[in-house]
Amino acid sequence: EAQVTQNPRYLITVTGKKLTVTCSQNMNHEYMSWYRQDPGLGLRQIYYSMNVEVTDKGDVPEGYKVSRKEKRNFPLILESPSPNQTSLYFCASRQGQTTSYEQYFGPGTRLTVT
Amino acid sequence: AQSVTQLDSQVPVFEEAPVELRCNYSSSVSVYLFWYVQYPNQGLQLLLKYLSGSTLVKGINGFEAEFNKSQTSFHLRKPSVHISDTAEYFCAVSGRSNNDMRFGAGTRLTVKP
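Keep in mind it's a predicted model, so treat the numbers as computed, not measured.

Trainee: How would you summarise the sheet that holds strand E3 (residues 19–25) of chain A if you had to cite specific residues and measurements?
Mentor: Residues and elements named next belong to chain A. Across the sheet, which stays open at both edges, the four strands sit in the order E1-E3-E8-E7 with antiparallel pairing between neighbours. Bordering the open sheet on either side are strand E1 (4–7) and strand E7 (65–66), each of which pairs with just one other strand. Direction of pairing for E7 relative to strand E8 (residues 76–78): antiparallel, over a ladder of two bridges. Bridge pairing links Lys-65 to Ile-77 in E8.

As structure tokens, this is what we get:
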């Protein structure tokens, strides 16, 4: 089954404790991205990757890091989480760079930082 | 850059009634337009998209949307909703040449029996 998986689905952590949210897709997609969803703001892009070893900032990159060492994986790293990073996070992928291709979303990771 | 405004944050409607979820966009370049649906505790799923051609686009689950270039709108419609349509709906716009996709704030559709 074609899918985007994320782990963990739920995470409660404390300020300053480094964490990683994993994202993996099994569709051989070139493009992957991370979004955060906040009430009243919709989805905002954090980082995206056009291909292996190619990443770039989205609209809200502060406090986040990413890497793309393999085509299928695109982990999101919070080096020193803060309460304002409490949010619902989605990983997404699509076949090509142009947005005319359908974007597939993971099930989401709900992060709470206390 | 592009932007999207979803005009209603919440839309309550009774089962079997028609519904329209409104979306306006702003862009200085030609656009692609999308509607996504998010069911509770799930990721987003593409309902339909407008890339070119006919301005009336049909999607999954009986939804359709009409691209109106003069009014810069892309409203989503369904003639008769079901309880199972209860979800959050997101409109999104992307520049054809810049691959910059922007999402609206979402509209929560609640279908009541």
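Trainee: Which residues make up the pairing of strand E11 (residues 109–113) of chain A, and what are the values?
Mentor: Residues and elements named next belong to chain A. Residues Thr-109, Leu-111 and Val-113 line the buried face of E11, whereas the alternating positions Arg-110 and Thr-112 sit on a face that is not buried. Bridge count for strand E2 (residues 10–13) against E11 is four bridges, and the pairing is parallel. Across the sheet, Ile-12 pairs through a bridge with Thr-112, a residue of E11. In this structure, strand E9 (residues 87–94) lies alongside E11, joined through three bridges in antiparallel fashion. Residue pairing across strands places Ser-87 opposite Leu-111, the latter belonging to E11.

About the thresholds
Residues numbered from 1 in each chain as written. Chains lettered and ligands numbered in written order. Predicted model: local features only at pLDDT ≥ 70, side-chain atom pairs only at ≥ 80, totals over all residues. Heavy atoms only, no water. Pairing = 2+ DSSP bridges. Helix = DSSP H or I, 4+ residues; strand = E, 2+ residues; numbered from the N terminus. Buried < 20%, exposed > 50% of the residue type's maximum accessible area, 1.4 Å probe, protein only.

Don't take any of this as a statement about function, it's just geometry.
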